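# Understanding the architecture of this molecule
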Amino acid sequence: MFLAHEVSVNEDFRLERFIPKQDTIEARVQAQMKRAFWDIFDENIKAKPPNYSHALTIFKEIKQGILSLLLPHNRNLRQRITQSLDIGLIRNQIKNNAFDPTDFKSYTDYVIEVLSQICCPSRDPDVNALRDLHSATRIFKGIFETLDKMKLDMANFLVLESRPAIIQHCVQYEKHKFADFLELEYRLHDDGLKGTRLWLFRHKIENRETKVIIAKAFGEIINYNHEFPWPEVLLLDFLILRRLK
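Here goes a summary of the coordinates provided. (Residues numbered from 1 in each chain as written. Predicted model: local features only at pLDDT ≥ 70, side-chain atom pairs only at ≥ 80, totals over all residues. Heavy atoms only, no water.)

### Structural notes on the overall build of the protein chain
A count of helices and strands for the protein chain gives 11 helices and 0 strands. When the helices and strands of the protein chain are placed in sequence order, the string is α-α-α-α-α-α-α-α-α-α-α. Taken over C-alpha atoms, the radius of gyration comes to 27 Å for the protein chain, far larger than the 18 Å a tight globule of 245 residues would show. Across its three principal axes, the protein chain shows a C-alpha extent of roughly 90 × 45 × 40 Å. Long-range pairs, those at least 24 residues apart, make up 58% of the contacts in the protein chain with a sequence separation of at least 6. For the protein chain, the accessible surface area stands at approximately 16700 Å², while carbon and sulfur atoms represent 56% of it. One way to put it: in the protein chain the 36 positive side-chain charges average out to a point 1 Å from where the 34 negative ones average out. (Helix = DSSP H or I, 4+ residues; strand = E, 2+ residues; numbered from the N terminus. Rg over C-alpha atoms; globule rule 2.2 N^0.38 Å. Contact = heavy atoms within 4.5 Å. Areas by Shrake-Rupley, 256 points an atom, 1.4 Å probe, with all protein chains shown as cover. Lys, Arg positive; Asp, Glu negative; His and termini not counted. Charge placed at Lys NZ, Arg CZ, Asp CG, Glu CD.)

### Side note on helix α10 (residues 210-222)
Note: α-helices contain 3.6 residues per turn, so residues at a spacing of three or four share the same orientation. Looking only at α10, the buried set comprises Ile 213, Ala 217, Glu 220 and Ile 221. Buried positions in α10, seen along its axis, are confined to an arc of 110 degrees and lie on one side of it. Where α10 is buried, its residues touch α9 (194-201) and α11 (238-242). (Buried < 20%, exposed > 50% of the residue type's maximum accessible area, 1.4 Å probe, protein only. Arc of directions from axis to C-beta.)

### Here we look at unusual backbone geometry
Of note, the amide linkage connecting Lys 48 to Pro 49 takes the cis form, showing an omega dihedral of 0 degrees. Checked against the element boundaries, Pro 49 lands in the loop between α2 (25-46) and α3 (53-68). Positive phi outside glycine occurs at Asp 23, with the angle close to 65 degrees. Its identity is not glycine, yet His 189 carries a phi of approximately 60 degrees, on the positive side. His 189 sits in the exposed class, given a relative accessible area of 77%.

### Focus: the packing of aromatic side chains
This structure, assessed with the given rule, holds 17 aromatic pairs. Consider the rings of Phe 59 and Phe 140, whose centres lie 5.3 Å apart with planes at 80 degrees: the pair is edge-to-face. Of the two residues, Phe 59 sits in helix α3 while Phe 140 sits in helix α8 (residues 136-187), which places them 81 residues apart along the sequence. Each of the two residues, Phe 59 as well as Phe 140, counts as buried. (Phe/Tyr/Trp six-rings, centres within 6.5 Å; stacked < 30°, edge-to-face > 60°.)

### Considering the nonpolar core
Grouped together as the largest cluster of nonpolar side chains are 37 residues, with contacts concentrated most on Ile 62, Phe 104, Leu 115 and Ile 143. Secondary-structure elements contributing two or more residues to this core are α2, α3, α4 (75-84), α5 (87-95), α6 (101-118), α7 (124-130) and α8. Core analysis: the next-biggest nonpolar cluster, separate from the first, contains 7 residues, Ala 217, Trp 230, Leu 234 and Leu 241 among them. (Core = buried A, V, L, I, M, F, W, Y, C linked by side-chain atoms within 4.5 Å.)

### Points about the pattern of salt bridges
Per the stated rule, a full pass over the model turns up 10 salt bridges. In this structure, Arg 131 and Glu 113 form a salt bridge, with 3.9 Å as the shortest nitrogen-oxygen distance. Separated by 18 residues along the polypeptide, Arg 131 in the loop between α7 and α8 and Glu 113 in helix α6 bring together distant segments of the chain. Relative accessible area serves as the criterion here: at 39%, Arg 131 is assigned to the partly exposed category. (Salt bridge = Lys/Arg side-chain N within 4 Å of Asp/Glu carboxyl O.)

### Description of the side chain of Glu 220
Structurally, the position occupied by Glu 220 is in helix α10. Once residues within four sequence positions are removed from consideration, Glu 220 is found in contact with Trp 199, Arg 202, His 203 and Phe 228.

Put into structure tokens, the structure is as follows:
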């Protein structure tokens, strides 16, 4: 519900990749895991004889990642990719010792060419940078990172395309979900509007009109005293309203 609300009220809303803060345990663990993943990949393909099982898994993930970026009308391109990145064929080549390290180059060149066709213009520099890489490990790592960025681009494109429909149905959807919340609170013998009641009653003075009460209450929000519970009816707008201080 929060996502639908944010999309409907914020025309600049964009999904963003989560990046842990530097020098945190989470950031260090993430960096170590990535480094270990690609170190193992590098060791496997440089072994004598090479072990391509890791590479086969990565080929499969790259193919799935590319296909996930295609729109329904990209049927011809989907078919060409499926045929050109034939995982079964690659598996048989590896099994029969017919897979040569130079085959990496032909497959990755094809992947980079496809990425250049389906990426948005802002990703052209990322894709072009892949052409300057020579190590198989660095190329595969670069392709993975570029695919992650392109998936985020596609997600934001779909959000933008869906925004009119989200706006059209968001009010009724939020009403329905808020009613569900209040019903749950009632079943738990709790007041789901406690914060809202306290907020409004703080501005209720004898003979004061309702519209004045509401205006005064919203005026309080700008410099809200957080010793009081936040009004439940404004919970989805908490971050936006807090930025107004």
